[in-house]
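Notes for the structure review
Single-letter residue listing:
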Number of protein chains: 4
Amino acid sequence: MKLPRGLSEQDLCRRLDRFELETPSWGYADTGTRFGKFFQDAAAATIEEKLADAAAVHGVTGCCPRVALHVLWDFAAGTDPSAVAARAGALGLRIGSINPNVFQDQCYKLGSLTNRDAAVRGRALDHIIESIGLAQRTGSDVLSLWFADGTNYPGQGHIRQRKRWLAEALARVHAALPPGMAMLVEYKPFEPAFYHTDIADWGMAAAFARAAGPRARVLVDTGHHLPGCNIEHIVAFLIDEGMLGGFHLNDRKYADDDLTVGAIDPYQFFRVFQEIVLAEREMGRDLPIAYMIDQSESIKPKTEAMLETVVAAQEQFTRAMLVDHAAAAEARARDDVVMAERALKDAFAADVRPFLADYRAARGLPRDPLDAFRQSGYLARAAADRAPRKRNTTASYA
Amino acid sequence: MKLPRGLSEQDLCRRLDRFELETPSWGYADTGTRFGKFFQDAAAATIEEKLADAAAVHGVTGCCPRVALHVLWDFAAGTDPSAVAARAGALGLRIGSINPNVFQDQCYKLGSLTNRDAAVRGRALDHIIESIGLAQRTGSDVLSLWFADGTNYPGQGHIRQRKRWLAEALARVHAALPPGMAMLVEYKPFEPAFYHTDIADWGMAAAFARAAGPRARVLVDTGHHLPGCNIEHIVAFLIDEGMLGGFHLNDRKYADDDLTVGAIDPYQFFRVFQEIVLAEREMGRDLPIAYMIDQSESIKPKTEAMLETVVAAQEQFTRAMLVDHAAAAEARARDDVVMAERALKDAFAADVRPFLADYRAARGLPRDPLDAFRQSGYLARAAADRAPRKRNTTASYA
Amino acid sequence: MKLPRGLSEQDLCRRLDRFELETPSWGYADTGTRFGKFFQDAAAATIEEKLADAAAVHGVTGCCPRVALHVLWDFAAGTDPSAVAARAGALGLRIGSINPNVFQDQCYKLGSLTNRDAAVRGRALDHIIESIGLAQRTGSDVLSLWFADGTNYPGQGHIRQRKRWLAEALARVHAALPPGMAMLVEYKPFEPAFYHTDIADWGMAAAFARAAGPRARVLVDTGHHLPGCNIEHIVAFLIDEGMLGGFHLNDRKYADDDLTVGAIDPYQFFRVFQEIVLAEREMGRDLPIAYMIDQSESIKPKTEAMLETVVAAQEQFTRAMLVDHAAAAEARARDDVVMAERALKDAFAADVRPFLADYRAARGLPRDPLDAFRQSGYLARAAADRAPRKRNTTASYA
Amino acid sequence: MKLPRGLSEQDLCRRLDRFELETPSWGYADTGTRFGKFFQDAAAATIEEKLADAAAVHGVTGCCPRVALHVLWDFAAGTDPSAVAARAGALGLRIGSINPNVFQDQCYKLGSLTNRDAAVRGRALDHIIESIGLAQRTGSDVLSLWFADGTNYPGQGHIRQRKRWLAEALARVHAALPPGMAMLVEYKPFEPAFYHTDIADWGMAAAFARAAGPRARVLVDTGHHLPGCNIEHIVAFLIDEGMLGGFHLNDRKYADDDLTVGAIDPYQFFRVFQEIVLAEREMGRDLPIAYMIDQSESIKPKTEAMLETVVAAQEQFTRAMLVDHAAAAEARARDDVVMAERALKDAFAADVRPFLADYRAARGLPRDPLDAFRQSGYLARAAADRAPRKRNTTASYA
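An account of the accompanying structure is given in this report. Because the structure is a prediction, the values reported are computed rather than measured.

**Comments concerning the overall build of chain A**
Within chain A, the regular secondary structure consists of 15 helices and 12 strands. Computed over its C-alpha atoms, the radius of gyration of chain A comes to 21 Å, within 12% of the 21 Å expected for a compact globule of 398 residues. Referenced to the eigenvectors of the C-alpha coordinate spread, the extents of chain A come out at roughly 60 × 50 × 40 Å. A buried classification covers 62% of the 398 residues belonging to chain A.

See below:
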């Protein structure tokens with residue numbers, strides 16, 4: 001593993017120490033496609049089980065101390081948020097982003113903050129503002145907003161009117177943020193809306209965020225782009241505009257496939273991280289980016305899939321740190337496209353696994369997190385424990 | 001509405017009389033996305049309700065006498081298939097295609113006919129062969145096969161081994177077909193599998209169909225293609241190869257959005273039908289194509305959405321019949337691209353609604369099926385009837 | 001043809017009178033693909049021929065009084081811009097947008113305003129600023145900017161550095177605009193750059209335009225989007241932000257195919273125009289949008305292809321004016337998705353050709369512009385005239 | 001670098017010895033986009049220069065002994081094919097595939113073998129059959145067929161008629177093949193045709209090849225697929241059908257970008273090669289696949305770009321050989337998706353550069369071909385030599 005000039009392995013380790021990945025509570029639960037769910041005995045169903053899984057992931061990786069929570073799925077009526085935070089704390093975890101849910105209830109069939117019915121818009125806004133309170137009580141400092149809002153048919157909605165409703169509501173959400181809390185606005189081109197989605201791309205998300213206020217920034221879900229989109233370009237652009245708030249990490253081949261990171265296009269993650277590393281080196285400081293995982297796939301065991309993504313993200317971030325940016329800059333200065341590109345290719349070709357194993361060992365962590373997790377027997381115990389309690393219902397597509 | 005040389009309105013009417021659209025039982029039931037279902041009070045839940053809805057659609061359109069059934073959803077254990085057929089008959093309907101379901105049960109998590117476990121493969125094959133028996137008892141003559149089989153990750157499956165398992169099983173299915181029954185093989189590029197789908201495109205479907213036997217042909221779902229794919233080219237190619245078996249009609253903008261026909265790209269449906277009309281005129285006979293609707297969208301009232309698709313398909317088929325193929329051929333013969341294209345554009349620009357209204361009236365049908373359906377009050381009655389009986393469960397994404 | 005409540009045919013005619021389409025000089029010249037050019041005897045080679053063709057198009061359509069010019073292709077060294085304007089005036093034309101060219105010279109191989117070489121950046125900026133002067137002398141009030149700038153390989157360029165160079169230069173261009181002149185910033189996802197394009201989407205174009213100054217706005221080329229992109233959503237969004245400057249109209253199926261309007265997806269053009277008509281009705285005034293044609297296709301005779309696009313755009317704009325927005329709004333107010341959509345579908349289904357023929361006749365124009373053009377014999381005369389003078393060179397791909 | 005059980009480094013080396021990559025003569029010449037060509041001083045213009053470049057590439061890599069020739073570009077009228085072969089032989093090269101050109105001449109504007117004009121079809125067929133003779137005289141055993149044939153507009157062509165013309169002609173081409181010569185049929189979804197391309201996908205190519213005769217097989221250009229297409233699935237399918245003839249290797253992000261291999265998606269090349277290695281291990285023999293490079297990009301120095309692709313292909317093929325297929329099979333046998341995938345991921349994560357450097361050194365080749373090439377000063381000499389002779393013409397887009 002060749003280091004770029006002027007950097008030591010210590011430098012890499014120190015940056016890795018600060019490269020934390022937030023895991024999502026819903027990533028430990030059974031999910032599926034519209035054709036049904038394939039249930040796993042060991043999948044988590046309660047907030048307690050989700051936190052236990054998150055702690056298990058953090059235990060073998062050491063870099064996942066934060067857990068994202070989903071308001072509707074994790075806080076049953078009457079749940080005390082501070083109790084959830086306390087439980088997390090007891091497991092060595094903190095609460096990360098809080099994710100309101102304004103897409104599941106039947107009233108949101110035709111939109112939440114963009115619904116033509118003021119009552120529904122109000123209900124959605126209330127839920128989001130309550131989520132802020134809930135975030136405060138859990139110690140979270142990030143409100144993460146994804147809207148399924150959109151239309152399935154031309155003419156179904158008044159696009160500009162919906163835009164204004166959404167902008168007004170987001171400004172009110174921003175106004176309700178306590179000091180120190182950020183709000184992230186996510187975009188997605190389609191699904192579950194199939195004609196137009198109110199926040200369809202980064203440009204719309206940035207416009208809404210700017211209009212909302214200074215603590216609103218854009219959330220880039222790596223699976224939420226049209227085919228061919230250059231994601232790292234968007235990331236670099238947002239960094240330069242001071243508008244990059246965070247990521248939802250997952251991989252995809254077709255649409256929002258929500259696969260484990262690096263399963264399909266590892267080089268793309270490397271390139272995304274490379275833009276960040278380059279900017280950080282130029283600025284001399286870490287960028288305040290929330291690295292959050294958001295994957296949903298029902299074939300792999302949920303906890304193992306999470307571990308895979310954590311390790312894959314660490315590997316690509318490490319490779320990104322190996323890029324010799326000075327060499328790339330020198331090549332560019334002489335219009336040497338081949339060598340400018342080679343600075344990236346060489347870093348990507350490096351095998352960083354031995355270095356990362358050493359890095360982990362030096363921190364008292366297992367050299368191979370997945371292997372350690374398998375040997376721990378956690379999954380079998382969880383399956384034995386949880387399977388009997390799991391509901392028997394099967395979801396049918398039609 | 002300008003008719004092509006040598007054709008009378010009577011000619012058009014006669015062909016329209018033979019242009020039947022099969023509606024799917026599951027198109028009357030609640031469906032959704034992976035993020036949840038939005039339930040409709042009037043959506044059908046039982047086979048009786050589905051048949052009633054299909055009869056209502058046929059009643060106002062006169063061109064939907066056949067209903068496709070889904071084995072798992074429509075035939076509860078102990079259901080007598082001939083009773084279902086009798087009930088359909090009493091409503092003026094016939095049973096169309098029979099659709100086995102080898103994707104919903106938990107055992108199919110890693111494949112059905114391509115599962116590495118011979119027991120699962122056997123179970124899937126048994127179900128399909130039982131479906132043939134069931135088809136016979138309902139008077140159906142089409143076995144329609146869609147497989148969700150595929151993998152989510154590189155390396156998860158052995159692609160060629162799975163191909164051989166699938167080919168062997170399909171040959172056995174074909175061998176079990178009674179005389180007069182066709183089997184259709186559907187393809188789809190992705191979803192619910194996100195890395196590779198065992199029957200991913202028309203070329204694979206045709207290869208499997210050819211290997212299975214002479215009564216196997218390809219089923220083209222208009223929503224099952226990668227972005228930009230020229231569907232009418234595939235249709236023309238399959239016609240020329242004698243391998244086009246039928247359609248699953250629905251529209252889409254992004255992926256398999258399953259919207260109502262013509263909602264996004266009406267000209268594409270026109271072009272698909274144009275290839276068929278052209279071939280039929282040259283051959284002097286109707287092509288044996290099963291026109292089946294397969295849409296799934298939870299915003300519009302199910303029955304109305306079905307009516308819209310029926311009417312849209314009729315309109316585009318009618319426009320396709322207006323193409324002056326002789327004029328197009330003459331233009332091509334003098335390399336006049338502009339006028340060759342204009343033959344199509346002119347037909348598409350025609351307003352065929354008045355003609356179709358007259359056509360319907362002459363057959364004792366309402367001039368505007370949707371309007372008549374609305375005035376019938378059917379939907380409100382169905383809602384009043386069915387809502388109380390509907391289950392209260394809500395599906396949660398995670 | 002059913003008119004929406006409260007609108008007369010006169011209203012439509014008056015708006016059509018103000019719906020002008022600018023044709024591009026380069027749309028009359030031979031173009032091709034990277035595999036070569038197919039030459040047309042009648043294609044224009046000189047500015048005089050291009051203006052003559054534009055005048056012929058305007059002569060039979062009456063709605064194309066403006067011609068876009070390309071600085072490098074239309075103004076040979078020593079050309080007097082005011083002479084060009086005078087010649088146009090003598091033909092009944094005005095000069096529309098002026099298009100600098102900073103992509104063809106060999107020095108722009110690695111970028112123009114984003115080149116790492118300050119000398120090249122300076123040369124590109126000088127050319128653009130000179131183009132402003134040239135625009136003034138021709139009476140043009142629109143500077144239209146498209147940049148081929150981008151990279152083919154990861155690492156080839158420093159994305160954020162290039163962004164800043166581009167922003168700085170565009171601010172200087174804006175500062176050089178005379179009063180009354182607008183500048184339009186075009187975006188494109190790829191081609192000729194195949195890894196990243198510096199202005200890749202509307203969001204980037206809007207950011208650059210905003211940073212440049214108040215008279216900079218976004219130019220939407222209908223062929224410059226990734227697969228599936230909802231263009232009318234972008235159009236509506238830009239209208240609401242006050243950032244929509246104009247269009248480059250052309251159709252496409254795959255990439256930037258530059259086909260005649262409506263050849264592939266006529267309904268999409270209808271939907272784009274529908275958003276504009278809706279906004280204009282709400283605002284009670286025309287939006288200041290430059291409707292410019294930019295197509296490039298070497299199979300159809302150039303002038304005829306231009307006529308087709310003009311007529312197709314007129315037809316879709318007329319259909320868009322037929323949308324009963326009040327009915328759509330009422331349907332939306334009762335959550336009636338079917339009828340809200342139907343307001344659009346009904347307008348699109350109308351055959352507007354007879355109305356447009358009457359409209360043209362009332363203005364002394366031929367009822368069918370293409371037919372009249374064919375009967376005029378213009379093309380044959382142009383071919384006879386121009387073929388002998390045309391250069392004999394053939395471009396070879398390799 | 002961990003070897004799979006049962007394989008030695010010697011085994012890998014022996015297979016690498018047989019992994020030859022054919023380079024294309026046109027890959028050493030100036031090419032461009034439709035917006036123009038950026039000329040390189042060192043780019044080859046004559047067949048002598050192209051062969052010299054190919055020899056230089058072979059000299060430092062040792063695995064590129066074959067050169068593909070393009071009939072129109074490499075054999076000027078009067079050229080003696082055997083003299084070309086002799087010259088190649090003197091440089092240590094052999095002639096690889098012969099590529100007829102039926103897309104550049106003006107007569108092919110509306111198609112070659114699919115042209116409605118029998119005279120044009122005849123001319124195209126004659127050219128291809130002459131190319132066979134030419135292939136024989138150069139010692140080539142592969143006729144490689146790509147057709148630009150297609151249409152830009154719906155209605156422009158009669159799709160099924162064109163299909164039949166093409167099939168008939170290809171059968172005649174096959175009949176003209178001498179013993180031992182194969183013909184490869186390439187497919188491409190679009191460009192330069194923008195509505196329909198007569199051989200649009202692998203399914204069509206396979207149908208044409210099958211109809212032509214037993215020595216016709218499919219040529220997979222890695223850049224000729226719609227977005228999201230799973231190329232390795234097609235490769236595996238074609239292998240199983242005995243229809244995979246060869247590759248045109250190049251990388252892409254959007255359309256047929258023709259970038260150097262691995263520049264955008266290195267993991268995809270690994271997966272493609274993995275399917276081949278797996279099949280070869282199962283069959284116990286090499287598959288008769290022609291690995292040909294076909295890239296076209298005007299930013300990088302042509303010879304260096306070729307070297308990069310050769311090295312990248314070697315690296316990914318080597319990684320593919322590292323996959324522990326037994327471990328993957330065992331994991332699949334216990335439904336362990338995570339470990340089945342990991343067999344691939346682990347092989348891809350390996351750094352094979354040191355092994356390949358040793359491999360080359362053991363064969364008397366430079367450890368780093370690109371570095372050795374740069375140190376040789378070849379490019380500077382070629383530039384000095386060729387620049388003065390290069391034509392001064394610049395291609396203008398319009």
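Now that the structure has been shown, we can carry on.
**A look at the interface of chain C and chain A**
Contact with chain C, which involves 42 residues of that partner, is made by 42 residues of chain A. At the level of elements, helix H6 (159-175), helix H7 (202-212), helix H8 (231-241), helix H9 (266-283), helix H11 (325-333) and helix H12 (337-349) of chain C are the ones that each hand at least two residues to the side of chain C that touches chain A. With six residues, the top contributor of residues to the side of chain C that touches chain A is H8 of chain C. Grouping the constituent residues of the side of chain C that touches chain A by class yields 23 nonpolar, eight polar and 11 charged.

**Remarks on the relation of the copies chain C and chain A**
Overlaying chain C on chain A yields an RMSD of 0.0 Å, the required transformation being a rotation through 180° with an accompanying axial translation of 0.0 Å. The two molecules are tied by a two-fold rotation axis, judged by turn and shift. Among all C-alpha atoms of chain C, that of Gly203 of chain C lies closest to the rotation axis, at 2.1 Å. Both copies contact each other with a shared surface, as 100% of the interface residues of chain C are interface residues in chain A too.

**Let's talk about the interface of chain A and chain D**
Listed by partner, the interface residues are 17 residues for chain A and 17 residues for chain D. Of all the elements in the fold, those that place two or more residues in the side of chain A that touches chain D are helix H9 (266-283), helix H10 (302-321) and helix H12 (337-349) of chain A. At three residues, the largest contribution of residues to the side of chain A that touches chain D is made by H12 of chain A. Tallied by class, the residues present in the side of chain A that touches chain D amount to nine nonpolar, one polar and seven charged.

**Comments concerning the sheet that holds strand E10 (residues 216-221) of chain B**
All names here are of chain B. Strand order in the open sheet formed by eight strands is E1-E4-E5-E6-E8-E10-E11-E12, and the pairing between neighbours is parallel. At either end of the open sheet lies a strand with only one pairing partner, and these are strand E1 (23-24) and strand E12 (290-293). Two elements, strand E11 (residues 244-249) and E12, share four bridges in a ladder whose sense is parallel. When the sheet's bridge partners are listed, Leu249 is paired in E12 with Ile293.

**A look at the relation of the copies chain A and chain D**
If you rotate chain A by 180° and push it 0.0 Å along the axis, it lands on chain D with an RMSD of 0.0 Å. Of all interface residues in chain A, 100% are interface residues in chain D too; the two copies therefore contact each other through one and the same surface.

**So, unusual backbone geometry**
Glu191 of chain C connects to Pro192 of chain C through a cis peptide bond whose omega is 10°. Tracing the sequence through the fold places Pro192 of chain C in the loop between strand E8 (182-186) and strand E9 (196-197). Although it is not a glycine, Glu191 of chain A sits at a positive phi angle of roughly 75°. Mapped onto the elements, Glu191 of chain A comes out in the loop between strand E8 (182-186) and strand E9 (196-197). With 20 C-beta atoms packed within 10 Å, Glu191 of chain A lands in the buried category.

Cut-offs used in this document
- Residues numbered from 1 in each chain as written.
- Chains lettered and ligands numbered in written order.
- Predicted model: local features only at pLDDT ≥ 70, side-chain atom pairs only at ≥ 80, totals over all residues.
- Helix = DSSP H or I, 4+ residues; strand = E, 2+ residues; numbered from the N terminus.
- Rg over C-alpha atoms; globule rule 2.2 N^0.38 Å.
- Buried ≥ 20, exposed ≤ 12 C-beta atoms within 10 Å, placed from the backbone.
- Contact = placed C-beta atoms within 7 Å.
- Nonpolar A, V, L, I, M, F, W, Y, C, P; charged D, E, K, R; others polar.
- Least-squares fit on C-alpha atoms with pLDDT ≥ 70 in both.
- Pairing = 2+ DSSP bridges.

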